[in-house]
Amino acid sequence: MTKLSRAAASGLRAWTRRTAFSLAALVASAGIAGAAELNIYNWGEYINPEVLKKFEEETQIKVNLSTYSSNEEMLAKIQGGATGYDIVFPSVHMHDIMAKLDLLEKTDINTYEGFKNIDPAFLRAKSDPKGEYCLPYAWGSVGIFYNRTILGKDITGWKDLIETVKAKGLKFTLLDDMREVLAVGLMMNGHKINSTDPAELQQAAETIIAMKPYVAAFTYDTRPMVQSGDVAAGHFFVGAMVDVFGNEKDLGYVIPEEGGTMYQEDVCVLKSAPNKENAVKFLQFYTRPEIAALNVSQQTNGTANVPARELTPEKIKNSKEINPPAETMARLQIFEDLGPALRQLDRVWTRVKTAQ
């Protein structure tokens, strides 16, 4: 999620340029120009460049990385006729949507020897319960990234944050994401995040609208704003733990006591992929514990690769935010494909965004 986990929109273009430059330099230095290729389309900042570098070195397959900032952006581009992409990283509900649209290639990755490393609990896509198409990639929570120096305290959840910013005249940010924000409103009222009940959605909308005087922005540009103290806190992905580790005195991340969303992305090969064989090689490569652990070490999110968890740095392995205990996991919910009912959320979201 992200999301870093489900990448923040801020810095996306700059990071993409840096990554493209480093990969181009690697290609030149390794002398593999004109070699076999793999075209990856992923969330920005959602893969450790060292993973791509290692894949290129081992396989002599040139990796071309393009990035997107949302599931919807990726799907629109694929449905709009964009060609050339081999691999995408949809969230679980988008995995199901793309399966319904017949956009995904069957890879039989579940028959590969390395698939034994994958925790079956992460085969969450209803369209792919055995892992015949896609490989679980990474997961994490969406909670509150906060500056305890500005707040003057640690917070426990949304109600605590709102009361604190009201009392101190502070502001916080929400993600510019319809489902994530409405999920906050739903959970604060004790409802499920996949609810399509009109009354529950209206109640969620009223809850978010009541917050708006204290919301500085709906944005993905959360991390620098919280770090600098421009805002007291922000709705964000657990990937912000990379900042917490760098400044544990001032920064914190919490999964709200009211509950949080859980994201999971899968690695999928497109039916239109021009380099299907190379794409499957990448899925196989990513089943290796040391590769998944290398990714997690930079991403600070969770992995479905069980042996990889023991190979991650101690701070990550022992983090209750990145690897929550069972009682916290029980408070996390994951988005599902809502089908045509999604239009109800669109209408409610428009009301939230336009409310004064």
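Thresholds, definitions, all that
Residues numbered from 1 in each chain as written. Predicted model: local features only at pLDDT ≥ 70, side-chain atom pairs only at ≥ 80, totals over all residues. Heavy atoms only, no water. Helix = DSSP H or I, 4+ residues; strand = E, 2+ residues; numbered from the N terminus. Rg over C-alpha atoms; globule rule 2.2 N^0.38 Å. Buried < 20%, exposed > 50% of the residue type's maximum accessible area, 1.4 Å probe, protein only. Areas by Shrake-Rupley, 256 points an atom, 1.4 Å probe, with all protein chains shown as cover. Lys, Arg positive; Asp, Glu negative; His and termini not counted. Charge placed at Lys NZ, Arg CZ, Asp CG, Glu CD. Axes fitted to C-alpha atoms, helices over the stretch in contact; angles between N-to-C directions. Parallel < 35°, antiparallel > 145°, perpendicular 65-115°, else oblique. Left-handed = near helix turned anticlockwise from the far one by under 90°. Contact = heavy atoms within 4.5 Å. Core = buried A, V, L, I, M, F, W, Y, C linked by side-chain atoms within 4.5 Å. Arc of directions from axis to C-beta. Salt bridge = Lys/Arg side-chain N within 4 Å of Asp/Glu carboxyl O.

Draft legend 1. Summary view of the overall build of the protein chain. Helix and strand counts for the protein chain come out as 16 helices and 10 strands. For a compact globule of 356 residues, the expected C-alpha radius of gyration is about 21 Å, and the protein chain comes in at 20 Å, within 12% of that figure. Seen through its principal axes, the protein chain has C-alpha atoms that stretch 60 × 45 × 35 Å. Looking at the 356 residues of the protein chain, the share that counts as buried comes to 56%. Summed over its atoms, the accessible surface of the protein chain is roughly 14,400 Å², and 51% of this surface lies on carbon and sulfur atoms. Between the averaged position of the 39 positive side-chain charges in the protein chain and that of its 44 negative side-chain charges there is a distance of 3 Å.

Draft legend 2. Main features of the packing of helix 8 (residues 198-211) against helix 16 (residues 342-354). At their nearest, the axes of helix 8 and helix 16 sit 9 Å apart, and the two run at 25° to each other. As far as their axial angle goes, helix 16 and helix 8 are roughly parallel. Read as a crossing pair, helix 8 and helix 16 show a hand that is right-handed. Residue-level contacts link Pro198, Leu201, Gln202, Ala205, Glu206, Ile208 and Ile209 of helix 8 to Gln344, Leu345, Val348, Arg351 and Val352 of helix 16.

Draft legend 3. Focus on the nonpolar core. Counting 71 residues, the largest nonpolar core has Ile40, Ile87, Phe89, Met98 and Phe282 as the members making the most contacts within it. By residue number, the principal contributor to this core is strand 4 (residues 135-147), which donates 6 residues. Setting aside anything within four residues of it in sequence, one finds Phe89 in contact with Ile40, Tyr41, Asn42, Trp43, Tyr68, Tyr137, Glu265, Asp266, Val267 and Phe282. Ranked by size, the runner-up nonpolar core spans 34 residues in total, among them Val181, Val215, Val348 and Val352.

Draft legend 4. Representation of helix 6 (residues 158-168) in the model. Buried within helix 6 are the following residues: Trp158, Asp160, Leu161, Ile162, Thr164 and Val165. In this fold, the buried residues of helix 6 make contact with strand 4, helix 5 (148-151), strand 5 (172-174), helix 7 (178-188), helix 8 and strand 7 (233-237). Of the residues one or two after helix 6, Gly169 is the one with positive phi, at around 65°.

Draft legend 5. Molecular detail of helix 2 (residues 49-59). Taken as a whole, helix 2 has its buried residues at Val51, Leu52, Phe55 and Glu56. The buried residues of helix 2 all sit within an arc of 135° when viewed along its axis, so they share a single face. The first or second residue beyond helix 2 is Gln60, which carries a positive phi of 60°.

Draft legend 6. Structural view of the pattern of salt bridges. Counting across every chain of the model gives 20 salt bridges. A salt bridge links Lys100 to Asp337; the shortest N-O distance between them is 2.8 Å. Taken together, the residues span a long stretch of sequence, with Lys100 in helix 4 (residues 92-100) and Asp337 in the loop between strand 10 (332-334) and helix 16 at a distance of 237 residues. The class for Asp337 is partly exposed, based on a relative accessible area of 23%. A salt bridge links Arg288 to Glu290; the nearest nitrogen and oxygen atoms lie 2.9 Å apart. Accessibility expressed as a relative area gives 38% for Glu290, which makes it partly exposed. When salt bridges that share partners are traced, they join Lys54, Glu58, Arg288 and Glu290 into one network.

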